[in-house]
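Residues per chain are reported as follows:
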Amino acid sequence: MTQKNPEYDFKWCPGCGDFGVRRALEFAMAERIESSKLPMETNVVIAGIGCSGNLVHLLEGPQPFGFHGIHGRTLPIALGAKMARPDLNVVVVAGDGDFLSIGMEHIAPQAARNLDVCCVVMDNAVYGLTKGQSAPTTTLGAITSSTPYGKAEEALNPLELYLTLGVTFIAQGFSSKVKDLAKLISAAMAHRGFAIVHVQSPCTTYNDTYDVLKGNPKKSLAPQIWDVPAEHEPSRREAAFQLVQRGGVPLGIIYRQEGRPSLDQRLAQLQERVKPKSVDELMAAYQLS
Amino acid sequence: MKTQDFVVRFAGEGGQGVVTSAEALARMAAEVGYHVQTFATFPSQIEGGPTWTQARIAISPVLSPGDALDVLVALNRHAYEEHYPELRPGGVVMHDASFQVEEQGHTLAMPFTELAKQAGEARSMNMVILGALAHLISMPRQYLENFVRLRFKGRDAVIEGNLKAVALGFEHAASGEFRLGELALPQKPAYPQLLIRGNDALAVGAMAAGVDCYIGYPISPATPVLVFMERNLIGPGKFAYQASSEIEAISAVLGAGFAGKKAMSATSGPGLSLMSEGIGLAWMAEIPLVIVDVQRGGPATGMPTKTEQSDFFLALTPAHGDSMMPIIAPGTVEECLFAIIHAFNWAERYQGPVIVLSEQTLAERVQNIPKPDLSSIAVEGRNVYRGGNGYLRYDGWEMSPMPVPGGPGAYVANGSEHDPFGDTTHLPQRHVQMTERRFSKLKALEDGTYERHHAEEPIALMPWGASKGPALEAYNTLSSRGVRLAWYYTMYLHPLPPKLLQELQKKELVLVPELNYTGQFSSYLRSQGVRAESVRQYTGLPFKVRDLVRWVSERVEARGGRMVHA
């Protein structure tokens, strides 16, 4: 469909980072259809549950196929869609709660498989849609509605986790830098393997981190974001680890491993090697003489 | 009179080749034209633990594993003690010579291992046993010898060793001076036959239905389906894959179904529990897929290698919220093959999830069946949307063609309540419309068939699933004793064929043999206005015919007696 639906009334709060992420994804998909000459319908956006998942309903312009499923299961749904149809460009959009808390168990297997999907993870370090509970990336000691006396868990470093698990493309973007983010998403889509673009996408209602991220001289806040230096070699795993352990929020391509076959490539090789049996042949194995 | 039918049980320890003895006997007997059925129950471990398998061989089709043993082959003392009480009067015990038994008469001590060693083929103990059995039932030894030549074709040394084992077993039994009678000669069916296990029949059926994607997770007793698919579901656009959990499996099946493929998974109760939210999503987002639940004893880990029919409620409403899944429950090995084809047809036709309820005994059973005529059943494909843009995927109250990614009609397959576009909405009238749309689609599935005999009788016997065989045998016995009952059976449990339901609603009483404590299917029938009662057993084992005969007679008599004593 190309028109918007008047009945759909979900709204992000003013200033929500997800607006920028949506725009960046639109740019990246538009660029892909422009350069590949493939129709928009060859893109599939698989969305998680939470504020961020609503992105799939809010895309403007030509519409890709979408799947807005259940909480935490974007990756395995993407596994089925991609393996069934390697010709499709499969994009996962999910929040930090969906992807890193309930959906955590699915990251490692897709990394081991090098599943060829592009994940855009919108991290606001809070559960927004359920009104402000603590999330894996929420900082230690933070007061939220579910940690009224301060969060007792340390914050997860998602980039370090992705590196450890063997994700073959890792980048980080910021929702306010839409054009940079669009480029990262384009590069992730072009990557033949498991790609994650982790995005700092602040929640203006429950965890407004704009000042912390960008810095605010009036509040004596130094910016947390910093650009990955031009001399960084993303193919070097050790360098990537050093980068994500340096503190702050590095923006850019952190790690990229080329040449490792993706799951669909491996299965395609297998299919060339093994000759399938017809139903008659299968049945013949059981036939009495 | 010659014996029409006999039952042999092999009892020993896991790893002793007990399983293969029953299957080898069944295969040998089936090859020469007998009808066979095996029955196995395993410990949930690889080596050790009491194991037994059973083969029933008859000159007419075998309906149940058999109640009483004609022959008990006991490989150790424990096995002997455990199974002796099930030997019929006059039955024979063949036991390993390494231990003594108290009972005299029809017992035969045999040095199984030594005879196998003498034969020069250490793994030929099965053949020693089969040779002895051939003597006991006066089966021509030549049947067995032909079977050995066929089975080990091209391996002359192995053939020689096994033939020697057969001869040694036969001669040793001949020294025992008694026989079990003579088994009537087989009447080999004129039509081609398969000797196949329930799980394999189901997997072959799925291939015949055109399954594209299989994603599963190992779980007893469904694992053989995964193993079959990993081996055979390969080729352009097709794949089988082991997921990291049942949650991943159902989610990936959803993704594949959404992407336009025929997708399935097979699991058992614990896996179905984990899949429940995903199955609800398939119902909500209208994604065709098939899930097989090979039932085992539950709840929780329960009894992984025992049988039960206790997942009917779970299969009907696995998910939260308003939904009711279509269920097809095969009752025989042959029905396993057709059930899954129908399940795929239903899934494509109503665009949603379909559950196939199998069970441990059926899954592990090896049986001879007529070679299925696949031309007797049309395979249905997806009704793909081929129009232009601006399509309303979830329009109206009824089925609409399904867009497939890459083609026209992009929409959002949505697990939240949605409007016709697929966008989320919580408007009351939309929830009413969409709920009614989802339930009304079930009407497309009211084409199930059913069996009925003596429909004029006011009291009916209606088993489901694999209780069909023992119930039919009990029904035949009861009929021969003048107990008048109607017989109904269908594998289409939900939605029930409407005419069947109408007939059942007119009965005074419908007796439902089922292997669960909660009386699940009769409870469902009562909710549909049928005066139904369960005949329950929850031992982890299938019904014995003699128990069903007694229990059903008691219920009928309690109703004021419709017994006509001959």
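Note that the structure is a prediction, hence the values are computed from the model and not measured.

A word on the overall build of chain B
Piece 1. Each helix and strand counted, chain B has 18 helices and 21 strands in total.
Piece 2. Relative to a compact globule of 566 residues, whose C-alpha radius of gyration would be 24 Å, chain B shows 26 Å and is just as compact.
Piece 3. Dimensions of chain B, computed from C-alpha atoms along their principal axes, come out at roughly 85 × 60 × 45 Å.
Piece 4. When burial is assessed residue by residue, chain B has 64% of its 566 residues classed as buried.
Piece 5. Counting contacts in chain B only where the partners sit at least 6 residues apart, residues at least 24 apart contribute 71% of the total.
Piece 6. Carbon and sulfur atoms make up 52% of the accessible area of chain B, which totals about 20200 Å².
Piece 7. For chain B, the distance from the average site of its 50 positive side-chain charges to the average site of its 58 negative ones is 4 Å.

Some thoughts on the domain arrangement of chain B
When the parts of a complex come together, some accessible area is lost, and that lost area is often taken as the interface size.
Residue and element names in this part refer to chain B.
Piece 1. Partitioning chain B into structural domains gives domain 1 (5–174), domain 2 (195–376), domain 3 (383–445) and domain 4 (451–558).
Piece 2. Domain 2 and domain 3 are separated by 25 Å when their C-alpha centres are compared.
Piece 3. Contacts between the two partners involve 19 residues from domain 2 and, on the opposite side, 24 residues from domain 3.
Piece 4. Of the roughly 1900 Å² buried at the junction of domain 2 and domain 3 (both faces included), carbon and sulfur atoms supply 64%.
Piece 5. The closest approach of N and O atoms between E286 and K441, which form a salt bridge, is 3.0 Å.

Quick notes on the sheet that holds strand β6 (residues 195–200) of chain A
Piece 1. Strands sit in the order β7(A)-β8(A)-β5(A)-β6(A)-β4(A)-β3(A)-β1(A)-β2(A)-β15(B) across an open sheet of nine strands; the sheet is mixed. Sheet topology places β7 (225–227) of chain A together with β15 (412–414) of chain B at the edges, where each strand pairs with a single neighbour. Adjacent strand axes in the sheet meet at a mean angle of 20° when their direction is disregarded.
Piece 2. Packed onto the sheet, helix α7 (residues 178–190) of chain A meets β3 (89–95), β4 (118–123), β5 (169–174), β6 and β8 (249–256) of chain A and runs at close to 165° relative to β5(A).

What to know about the packing of helix α7 (residues 198–208) of chain B against helix α12 (residues 333–350) of chain B
Residue and element names in this part refer to chain B.
Piece 1. Packing of α7 against α12 brings their axes to within 7 Å, and their N-to-C directions diverge by 35°. The two elements α7 and α12 meet at a crossing, and its hand is right-handed. Every residue of α12 that contacts α7 at G198, A201, L202, V204, G205, A206 and A208 is listed here: V333, C336, L337, I340, I341 and F344.
Piece 2. Tallied by class, residues from the contact of α7 with α12 come to eleven nonpolar, two polar and no charged.

Thoughts on the state of the cysteines
The bond known as a disulfide is covalent and runs between the sulfur atoms of two cysteines.
Residue and element names in this part refer to chain A.
Piece 1. Following the criterion strictly, the structure yields zero disulfides over all chains and no others.
Piece 2. Looking at the unpaired C13, the closest cysteine sulfur is the one in C203, lying at 6.1 Å.
Piece 3. Note on C13: relative accessible area 36%, which makes it partly exposed.

Focus: the side chain of A:S186
All names here are of chain A.
Piece 1. Within the fold, S186 resides in helix α7.
Piece 2. Residue classification places S186 among the buried residues on the basis of a relative accessible area of 16%.
Piece 3. Every residue in contact with S186, bar those within four places of it in the chain, is listed here: A28 and E31.

Quick word on the interface of chain A and chain B
Piece 1. With 50 residues of chain A in contact, the opposing surface of chain B contributes 70 residues.
Piece 2. For the pair chain A and chain B, the summed buried area comes to about 5200 Å², and 63% of that belongs to carbon and sulfur atoms.
Piece 3. At the junction of chain A with chain B, the criterion picks out 23 residue pairs in polar contact (both at pLDDT 80 or more).
Piece 4. Of all the secondary-structure elements, those providing two or more residues to the side of chain A that touches chain B are α2 (55–58), β2 (65–68), α3 (74–84), α5 (107–113), α10 (263–273) and α11 (279–284) of chain A.
Piece 5. Tallying contributions element by element places α3(A) first for the side of chain A that touches chain B, with seven residues.
Piece 6. Grouping the amino acids of the side of chain A that touches chain B by side-chain chemistry returns 27 nonpolar, 16 polar and seven charged.
Piece 7. Here three bridges tie β2(A) to β15(B), and the two strands are oriented parallel to one another. Each bridged residue has a counterpart across the sheet, and for A:G66 the counterpart in β15(B) is B:V412.

Brief notes about the environment of A:V249
Residue and element names in this part refer to chain A.
Piece 1. Relative to the helices and strands, V249 is located in strand β8.
Piece 2. The spatial distance from the C-alpha of V249 to the C-alpha of G173 is 9.0 Å, given a sequence separation of 76 residues.
Piece 3. Apart from residues no more than four positions distant in its own chain, V249 is found in contact with Q172, Q200, L213, Q224, I225 and W226.

Structural notes on the packing of aromatic side chains
Piece 1. Applying the stated rule across the entire model yields 24 aromatic pairs over all chains.
Piece 2. Where B:Y475 meets B:W487, the ring centres are 5.5 Å apart and the plane angle is 50°; that geometry is what we call tilted. Of this pair, B:Y475 sits in helix α15 (residues 468–480) while B:W487 is found in strand β18 (residues 486–489), placing the two residues twelve residues apart along the sequence.
Piece 3. On the accessibility criterion, B:Y475 (3% relative accessible area) is buried.
Piece 4. Among the aromatic residues, ring-to-ring pairing joins A:F65, A:F67, B:F258, B:Y394 and B:Y411 into one connected group.
Piece 5. In this structure, B:R141 is placed above the aromatic ring of B:F170, and the distance from its NZ or CZ to the ring centre is 4.7 Å.
Piece 6. When the ring centre of B:Y517 is taken as reference, the NZ or CZ atom of B:R536 above it lies at 5.2 Å.

So, the nonpolar core
Piece 1. Counting 168 residues, the largest nonpolar core has A:F99, A:Y162 and B:M229 as its most contacted members.
Piece 2. Per element, the largest residue contribution to this core is twelve residues, and it comes from α12(B).
Piece 3. Once you skip the residues sitting within four places of it in the chain, B:M229 turns out to touch B:A203, B:A206, B:M207, B:V211, B:Y214, B:A240 and B:M264.

Some thoughts on the side chain of B:T53
All names here are of chain B.
Piece 1. Relative to the helices and strands, T53 resides in strand β3 (residues 50–58).
Piece 2. Of the residues examined, T53 reaches a relative accessible area of 2% and is grouped as buried.
Piece 3. Beyond its immediate chain neighbours, meaning those up to four positions away, T53 contacts V8, R9, F10, V18, V19, A22, F39 and A40.

Focus on the sheet that holds strand β10 (residues 263–267) of chain B
Think of a sheet as strands paired side by side through backbone hydrogen bonds, with each pair either parallel or antiparallel.
All names here are of chain B.
Piece 1. Spatial ordering of the open sheet is given by β9-β8-β10-β11-β13-β12-β19, a layout of seven strands whose pairing is mixed. Two strands lie at the open edges of the sheet, namely β9 (239–242) and β19 (492–494), each paired on one side alone.
Piece 2. Across seven bridges, strand β11 (residues 289–295) lies against strand β13 (residues 353–359) in parallel orientation. When the sheet's bridge partners are listed, Q295 is paired in β13 with E359.

Topic: the packing of helix α1 (residues 18–31) of chain B against helix α4 (residues 125–136) of chain B
Residue and element names in this part refer to chain B.
Piece 1. One way to put it is that α1 packs onto α4 with a least axis distance of 10 Å and a crossing angle of 50°. With respect to their mutual orientation, α1 and α4 come out oblique. Pair α1 / α4 crosses with right-handed handedness. Where α1 abuts α4, its residues T20, S21, A24 and L25 lie against N126, L130 and L133.
Piece 2. Among the residues making up the contact of α1 with α4, the classes are represented as four nonpolar, three polar and no charged.

Each value, and the rule that gives it
Residues numbered from 1 in each chain as written. Chains lettered and ligands numbered in written order. Predicted model: local features only at pLDDT ≥ 70, side-chain atom pairs only at ≥ 80, totals over all residues. Heavy atoms only, no water. Helix = DSSP H or I, 4+ residues; strand = E, 2+ residues; numbered from the N terminus. Rg over C-alpha atoms; globule rule 2.2 N^0.38 Å. Buried < 20%, exposed > 50% of the residue type's maximum accessible area, 1.4 Å probe, protein only. Contact = heavy atoms within 4.5 Å. Areas by Shrake-Rupley, 256 points an atom, 1.4 Å probe, with all protein chains shown as cover. Lys, Arg positive; Asp, Glu negative; His and termini not counted. Charge placed at Lys NZ, Arg CZ, Asp CG, Glu CD. Domains from an automatic or database assignment. Buried area = accessible area lost by both parts, 1.4 Å probe. Salt bridge = Lys/Arg side-chain N within 4 Å of Asp/Glu carboxyl O. Pairing = 2+ DSSP bridges. Axes fitted to C-alpha atoms, helices over the stretch in contact; angles between N-to-C directions. Left-handed = near helix turned anticlockwise from the far one by under 90°. Nonpolar A, V, L, I, M, F, W, Y, C, P; charged D, E, K, R; others polar. Disulfide = S-S within 2.5 Å. Polar contact = N/O pair within 3.5 Å; in protein donor to acceptor, adjacent residues only side chain to side chain. Phe/Tyr/Trp six-rings, centres within 6.5 Å; stacked < 30°, edge-to-face > 60°. Lys NZ or Arg CZ within 6 Å of the ring centre and 35° of its normal. Core = buried A, V, L, I, M, F, W, Y, C linked by side-chain atoms within 4.5 Å. Parallel < 35°, antiparallel > 145°, perpendicular 65-115°, else oblique.

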